[in-house]
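An overview of the molecular structure
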Amino acid sequence: DVKVTQSSRYLVKRTGEKVFLECVQDMDHENMFWYRQDPGLGLRLIYFSYDVKMKEKGDIPEGYSVSREKKERFSLILESASTNQTSMYLCASSQMGGYTIYFGEGSWLTVV
Amino acid sequence: SQQGEEDPQALSIQEGENATMNCSYKTSINNLQWYRQNSGRGLVHLILIRSNEREKHSGRLRVTLDTSKKSSSLLITASRAADTASYFCATDIEGGSEKLVFGKGTKLTVNP
């Protein structure tokens, strides 16, 4: 089975802190994604990576950056956390041309 | 950008009844997928239907696709309490990248 592991399930951070959300997949997938999920807004794509060191902005990249130094690992970085970034963050991966996306269990981030 | 929109937003039924959820989208697609999300967890892929298919079955799930109306429906037959979850449709964009765009979801409650 494909496994997408998000390192932290629940985090509480202070405004202005730098936050790292880590994600690892074990199926050698080329594509990796970071989504944000908020009530009433559904899932919104933050960033997409289709290869090591390659990335594309999604719908809401502002305030976020990403890093993909190894194929299996995709990190989401909040350079200076703000309260409006309190949300559930979902990491996912897929094969190139595979269509089906496999999700991690999510990371609940609260910024106070 | 929101591609898919599910309808209804919430649905409450009794065990044993059928549940139907609908999804409308805006642009031409290659594939449409349905995902399920248990409360507070990641999404799980249920079924994929290609743009040249009209109907697909998987166990108690039946998906239809009408590309002329840009709409899809997910039918869950003989529902169980364990089917209680949110259901999302997701579409790619014909000729686009491998990113999926998700709708806001239908929250299904199956009462025992």
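Let me begin by describing the structure that accompanies this report. It should be emphasised that the depicted structure is a prediction, and the values quoted were computed from it without experimental measurement.

1. A few points about the state of the cysteines
Residues and elements named next belong to chain A.
- Within the structure shown, the criterion is met by two disulfides over all chains.
- The disulfide partner of Cys23 is Cys91, and the S-S distance across this bridge is 1.9 Å. As the torsion about the S-S bond is roughly -80°, the Cys23-Cys91 disulfide counts as left-handed. Placement of the pair is Cys23 in strand E3 (residues 19–25) and Cys91 in strand E9 (residues 87–94), with a sequence separation of 68 residues. Across the pair, exposure class does not vary: Cys23 and Cys91 are buried alike.

2. Some words on the pattern of salt bridges
- Scanning all chains against the criterion turns up eleven salt bridges over all chains.
- Where Asp38 of chain A meets Arg36 of chain A, a salt bridge forms, and the shortest distance between an N and an O atom there is 2.8 Å.
- Owing to a relative accessible area of 10%, Asp38 of chain A belongs among the buried residues under this scheme.
- With a shortest N-O distance of 2.3 Å, Glu105 of chain A and Arg41 of chain B are connected by a salt bridge. Here Arg41 of chain B lies in the loop between strand E4 (31–37) and strand E5 (43–50) and Glu105 of chain A lies in the loop between strand E10 (102–103) and strand E11 (107–111), a pairing that spans two chains.
- By relative accessible area, Glu105 of chain A is classed as partly exposed at 32%.
- Overall, Arg41 of chain B belongs to the partly exposed group, its relative accessible area being 40%.

What counts, and at which threshold
- Residues numbered from 1 in each chain as written.
- Chains lettered and ligands numbered in written order.
- Predicted model: local features only at pLDDT ≥ 70, side-chain atom pairs only at ≥ 80, totals over all residues.
- Heavy atoms only, no water.
- Disulfide = S-S within 2.5 Å.
- Helix = DSSP H or I, 4+ residues; strand = E, 2+ residues; numbered from the N terminus.
- Buried < 20%, exposed > 50% of the residue type's maximum accessible area, 1.4 Å probe, protein only.
- Salt bridge = Lys/Arg side-chain N within 4 Å of Asp/Glu carboxyl O.

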